[in-house]
Amino acid sequence: MNNVPTHPHWCDRQECTVTPDRPAGAHCSRPVLLRPEDREAMYLRVTLHQSTGLPVLCVEGFDQDPAKDPNPLALLALSTRQAAITVHLLRRLVRLATRDVVGPGWVRPRSGNSADQRYRS
Ligand SMILES: [Zn+2]
């Protein structure tokens, strides 16, 4: 019998824990790290995992750079269906949140024109 594991095309062998000796490990994609623009947001590390079932999208939240503290404060594991719906909802919320923002720190008044921009600190 062939004990060489088959990896999904998205699996990063550096992150994967499936080996011929540990077939119960998990395939893992290369992590993507999103850094916050301000102190109210978190560092996010997003990966795709698959152990025995279907792939899940994992989102880990950190209060500081995970290179300094690798222990996440929060972890979300989303099915691909949940992730697709979340993407749609997040897009709508981002549009609502940024509708009046024209740049970092710049806000366009609702009734004004683009020449009427002002800086909000
Ligand atoms: Zn793998």
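Residues numbered from 1 in each chain as written. Predicted model: local features only at pLDDT ≥ 70, side-chain atom pairs only at ≥ 80, totals over all residues.

## Regarding the overall build of the protein chain
- A count of helices and strands for the protein chain gives one helix and eight strands.
- Ordered by position in the sequence, the α and β elements of the protein chain form the string β-β-β-β-β-α-β-β-β.
- Relative to its 121 residues, the protein chain shows a buried fraction of 7%.
- By sequence separation, contacts in the protein chain at least 24 residues apart represent 7% of the contacts at least 6 residues apart. (Helix = DSSP H or I, 4+ residues; strand = E, 2+ residues; numbered from the N terminus. Buried ≥ 20, exposed ≤ 12 C-beta atoms within 10 Å, placed from the backbone. Contact = placed C-beta atoms within 7 Å.)

## Things to note about the environment of leucine 73
- Note that leucine 73 resides in the loop between strand 4 (56-62) and strand 5 (74-79).
- Separated by 31 residues in sequence, leucine 73 and methionine 42 place their C-alpha atoms 9.5 Å apart.

## Some details on the pairing of strand 3 (residues 43-50)
- The sheet contact formed by strand 1 (residues 27-28) and strand 3 spans two bridges and is antiparallel. Paired with histidine 27 across the two strands is glutamine 50, which belongs to strand 3.
- As defined by bridge partners, strand 2 (residues 32-34) adjoins strand 3 across three bridges and the pair is classed as antiparallel. Paired with leucine 33 across the strands is arginine 45, a residue of strand 3.
- Here seven bridges tie strand 3 to strand 4, and the two strands are oriented antiparallel to one another. Residue pairing for strand 4: tyrosine 43 is matched across the bridge by phenylalanine 62.
- Counted between consecutive antiparallel strands, the loop separating strand 3 from strand 4 contains five residues. (Pairing = 2+ DSSP bridges.)

## Some details on the pairing of strand 5
- The element strand 5 is largely exposed, with a buried count of zero among its six residues.
- Sheet analysis places strand 4 next to strand 5, joined by six bridges and oriented antiparallel. Bridged to glycine 61 within strand 5 is alanine 74.

## Digging into helix 1 (residues 80-98)
- Here helix 1 contains 19 residues, and its C-alpha end-to-end distance of 26 Å stays within 8% of the 27 Å for a straight helix at 1.5 Å per residue.
- The element helix 1 is largely exposed, with a buried count of zero among its 19 residues. (Expected span 1.5 Å × (residues − 1).)

## Remarks on the confidence of the model for the protein chain
- When the pLDDT values of the protein chain are averaged, the result is 85; 81% of them are 70 or greater.
- Per-residue pLDDT stays below 50 along residues 112-121; that stretch engages in eleven contacts with residues further than four places along the chain or on separate chains. (pLDDT = per-residue confidence, 0-100.)

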